[in-house]
Amino acid sequence: MSTSGKTVKPWLASAGGTLASAAGLWLSALLSMQLPRSVDFGVLALPLWLPAGLALAIAMHWGWRSAGGLWLGMAVSNALVLHYAWPAALLIALGQSGAPLLAASMLRRQQALPFYRLSRVLMFLWCGVLGSALLSVVWSGFFLDAGILPAGVERWQCLLARGLGELSGMLALTPSALFLLQAEPARYSRNPARWLESMLLLWVSLLLAVVEFIVADYRHGVAASLWPLFFIALMWVAFRCRLALAYWLHSGIVLLAFAGVLLHNGAAYQDPGLSGMAAAGMLLLVQSLALLVFGALVAERRFTEDWLRRANQTLEGKVVERTRQLAESEARLKLMADASPFPLAMNNLNGGGLIYANAQAESLFKCRLDGLQRRVQDFYVDPAEREGISALLRSQGAVRDHEVQLHDAEGRQFWALVSCAVVHSDQELYVISGINDISERKRLERSLHAANDALRQHVAEIESLQVGLREQVRRDPLTGLFNRRYLDEILPRLLAHMLALDGTVAVMMLDADHFKRINDSYGHQCGDAVLAALGAFLRDRFRSGDIVCRYGGEEFCILMPGIALEAASHKAEQLCAAVRQLPIQALEHQLHITLSIGLSVCPLHGEDPESLIHAADAALYQAKALGRDQVRLASNTQRVLS
Ligand SMILES: Nc1nc2c(ncn2[C@@H]2O[C@H](COP(=O)(O)OP(=O)(O)OP(=O)(O)O)[C@@H](O)[C@H]2O)c(=O)[nH]1
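The present account deals with the structure reproduced in this document. (Residues numbered from 1 in each chain as written. Predicted model: local features only at pLDDT ≥ 70, side-chain atom pairs only at ≥ 80, totals over all residues. Heavy atoms only, no water.)

## Description of the pattern of salt bridges
As a working rule, side chains carrying opposite charge can pair if their charged atoms are close by.
Here is step 1: A complete count under the given rule lists 26 salt bridges for this structure.
Here is step 2: Here R310 ties to D306 by a salt bridge, and the two come within 3.2 Å at their closest N and O atoms. One end of the pair is R310 and the other is D306, both in helix α11 (residues 274–339) and four residues apart, which spans about a single turn.
Here is step 3: When its relative accessible area of 40% is taken as the criterion, R310 is described as partly exposed.
Here is step 4: E489 is the partner of R493 in a salt bridge, and the nearest nitrogen-oxygen pair spans 3.0 Å. Placement of the pair is R493 and E489 together in helix α15 (residues 484–500), with a separation of four residues, close to one helical turn.
Here is step 5: Residue E489 is classed as partly exposed on the basis of its relative accessible area of 41%.
Here is step 6: Put simply, E403, R441, K442 and E445 are held in one network by salt bridges that share partners. (Salt bridge = Lys/Arg side-chain N within 4 Å of Asp/Glu carboxyl O. Helix = DSSP H or I, 4+ residues; strand = E, 2+ residues; numbered from the N terminus. Buried < 20%, exposed > 50% of the residue type's maximum accessible area, 1.4 Å probe, protein only.)

## Comments concerning the sheet that holds strand β7 (residues 547–552)
Here is step 1: Ordered in space as β7-β8-β6-β11-β12, the five strands form an open sheet in which the pairing is mixed. Of all the strands in the sheet, the pair left with one neighbour each is β7 and β12 (631–633). Between one strand and the next, the sheet's axes are offset by a mean angle of 20°, whatever the strand orientation.
Here is step 2: Relative to β12, strand β11 (residues 595–602) is paired through three bridges, and the arrangement is parallel. Each residue of the ladder has a partner; that of I597, found in β12, is V631.
Here is step 3: Strand contacts of helix α18 (residues 565–581): β6 (505–512), β8 (555–561), β11 and β12, with the helix running at about 165° to β11, the strand carrying the most contacts. (Pairing = 2+ DSSP bridges. Axes fitted to C-alpha atoms, helices over the stretch in contact; angles between N-to-C directions. Contact = heavy atoms within 4.5 Å.)

## A short note on empty space enclosed by the protein
Here is step 1: Scanning the entire structure with this criterion turns up three cavities of 30 Å³ or more.
Here is step 2: Quantified by volume, the largest cavity comes out at close to 250 Å³.
Here is step 3: At the level of secondary structure, the elements contributing two or more residues to the lining of the largest cavity comprise β1 (344–348), α12 (359–365), α13 (383–396), β4 (413–425) and β5 (428–437).
Here is step 4: No other element matches α13, which puts four residues into the lining of the largest cavity. (1 Å grid on protein atoms, 1.4 Å probe; cavity = no way out; pocket = protein on both sides within 12 Å on 5 of 7 lines; lining within 4 Å. Points joined across faces, edges and corners; volume = space filled by probe spheres on them.)

## Quick word on the side chain of N358
Here is step 1: Mapped onto the fold, N358 is located in the loop between β2 (354–357) and α12.
Here is step 2: A distance of 2.9 Å separates a polar side-chain atom of N358 from the backbone oxygen of A337.
Here is step 3: Not counting residues up to four positions away in its chain, the partners in contact with N358 are A337, D338, S340, F342, P343 and L344. (Polar contact = N/O pair within 3.5 Å; in protein donor to acceptor, adjacent residues only side chain to side chain.)

## Considering the site of the ligand
Here is step 1: Around the ligand, a shell composed of 16 residues is seen, among which H514, F515, N519, R550 and R628 lie nearest.
Here is step 2: Between the ligand and the protein, one listed contact pairs an oxygen atom with a backbone N or O atom of F515 at 2.6 Å.
Here is step 3: Note that an oxygen atom of the ligand is positioned 3.0 Å from one of the backbone N or O atoms of K516.
Here is step 4: With the chains in place, 68% of the 660 Å² that the ligand exposes on its own is no longer accessible.
Here is step 5: Mapped onto the shell around the ligand, the elements with two or more residues apiece are β6, α16 (515–522) and α17 (524–541).
Here is step 6: Here the shell around the ligand takes four residues from α17, the largest share from any one element. (Near = heavy atom within 4 Å. Areas by Shrake-Rupley, 256 points an atom, 1.4 Å probe, with all protein chains shown as cover.)

## A word on the layout of surface pockets
Here is step 1: In this structure, the largest pocket encloses a volume near 520 Å³.
Here is step 2: Lining of the largest pocket is provided by 16 residues; of these, L333, A337, M346, Y356 and I432 occupy positions nearest its centre.
Here is step 3: Residue assignment for the lining of the largest pocket shows that the elements contributing at least two residues are α11, β1, β2 and β5.
Here is step 4: In terms of residue count, α11 provides more of the lining of the largest pocket than any other element does, seven residues in total.

## Some words on the pairing of β11
Here is step 1: The element β11 is extensively covered by neighbouring structure, given that eight of its eight residues are classed as buried.
Here is step 2: Of the two faces of β11, both are covered, the one formed by L595, I597, L599 and V601 as well as the one formed by S596, G598, S600 and C602.
Here is step 3: Bridge count for β6 against β11 is eight bridges, and the pairing is antiparallel. Considered in β11, the bridge of D511 is made with S596.
Here is step 4: Considered for its hand, the β-α-β crossover made up of β11, helix α19 (residues 609–625) and β12 is left-handed. (Right-handed = clockwise from strand over helix to strand, strands pointing away.)

## Some thoughts on the pairing of β1
Here is step 1: Relative to β5, β1 runs antiparallel, the two being bridged by five bridges. When the sheet's bridge partners are listed, L344 is paired in β5 with G434.
Here is step 2: Alignment of β1 against β2, held across three bridges, turns out to be antiparallel. Of the residues in β2, the one forming a bridge with N347 is L354.
Here is step 3: Connecting β1 to the next strand, β2, in antiparallel fashion are five residues, including G351 with a positive phi near 95°.

## Things to note about a nonpolar patch on the surface
Here is step 1: A cluster of nonpolar side chains, W71, L91, L94, V138, W139 and F142, forms an exposed patch at the surface whose accessible area comes to about 570 Å².
Here is step 2: Elements supplying a minimum of two residues to the nonpolar patch: α4 (86–109) and α5 (118–141).
Here is step 3: With respect to the helices and strands, the residue F142 is situated in the loop between α5 and α6 (155–181). (Patch = residues over 30% accessible without salt bridge, like charges linked within 9 Å, V, L, I, M, F, W, Y side chains within 5 Å.)

What follows is the structure in structure tokens.
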């Protein structure tokens, strides 16, 4: 370890301390000897034994490091001031230095310092002052016979005097030493007004002490009665100012009292006898004890106040730090929310008052939303919708992807997808909402729906056209009856179906007789009208299950499923007769026509379309050949019927 040039060597410091301690003790012994001795009572042979008080103060402040100085100082005092033989002086000094060192060590172990509790003051008085004095006196007692006992003084008297002297010395000097030992909060020294008050009190008190103890005539009773003023001044200083200052003042008063006694004047020196000195000593001791006790109480209160102040400062520091952390955290969260690419807002659940909205939300709603008196319901096209969301939030705590219609500050309405969550903070319920403008999506959805509707309509039209086309394909345009194409398509299926059911199908072929004449006589259009009228008549004449087709030209074919040969023949005869009687209005002409009919029946005349058509056609041809206006059955049927 490097040491600077200014650092005092430990051994030098130790030697210096030893010598300084020794010198101090020797000087205080010299001073003690100047004080009046008892001549009347012989008990207090020694006056206030100042070295003992000083030794305890040194031992408490520097501990065992001061052992050499104490021993040397005491030995020198014994030898040079009290004129003991050197061996006795050295041996007695062992006790005089060891006793305060032991007492100080014990007090340190019990942490008796600093004196900010009354219990510690009592501990100090008991262990330090009384214990030290007793130890020292007991030790000295072994050597008092070694030719050093004053003539005519009993040993016990000498021990008692020594003991009381040391006790008094320690008590009187303790407050004076305490300014070295006492730790106390320093805040009183920083207050200028208090400092001025301290200085004023200190110097006025010292001035009064000079007057009281040095200038005033000891025979004057008034001077002695002023002593209580110093108590007041000391307590005042101790209470209002730093304790160290009170100890200083006490030390000054003690020194001035001693000085007055030495000068044979002042309140402490009331008479040259022992009684005056004893009274002065008692007053000093009482003053010392009072200051110790009062100082401890004051210090206790100050340390408690200081502890509370520091605890408060620590607490305040923690609060400040916590507040800072919260502010940082809040700033981070705000930064995150502000930088969010999605519109975010926060509001009171009750009332809907907006607390926060990020820049995206402000841009969406086209207005500033920071701390304004705005409510979320102000932005709903239908405020009742907001009530619905609030009710959901109260019951479920969150709402996901709710479609609502909002409007911005400029009145533009738009659809939004809203997701909300309830959060608790400071006994309040808040709602955090994410808002997604879905106007464009909605517009596309509407376009899509419109396109779908148009497409559906288009498909329906196509289907209708297809149905029409299908009808056109299988219908004859002139009569509205099924055409031959349909007949060719339906007949095989019908036959297969009826054969599977063991049923019958009659095929009726009929032809208008001499139709060429109508065309020739009345024109082709009139012929068309006749054909149309005949078709309508045929359609009405047959059951809905029958299939009436225009086979071609003026020839028709009718399929009648499930009809027997006789019934079919009968129906053909009736038809023939009915048409014969039928007046047909064709254009401006009323005409009559007749029909020739050929009839075949499945399975009698065949089980396939060709056979049946051919058989019916042959029968028709036969009816024509036999003079027309008649019904003929297919050829092999003749036998069956006859
Ligand atoms: N107005 C009109 N006439 C048609 C149509 N289809 C065929 N015809 C006519 O019908 C006539 C059929 O004549 P024919 O085959 O000689 O038969 P018919 O005159 O009825 O004599 P028979 O059948 O032997 O009694 C022809 O003059 C055709 O032009 C049509 O759709 N409209």
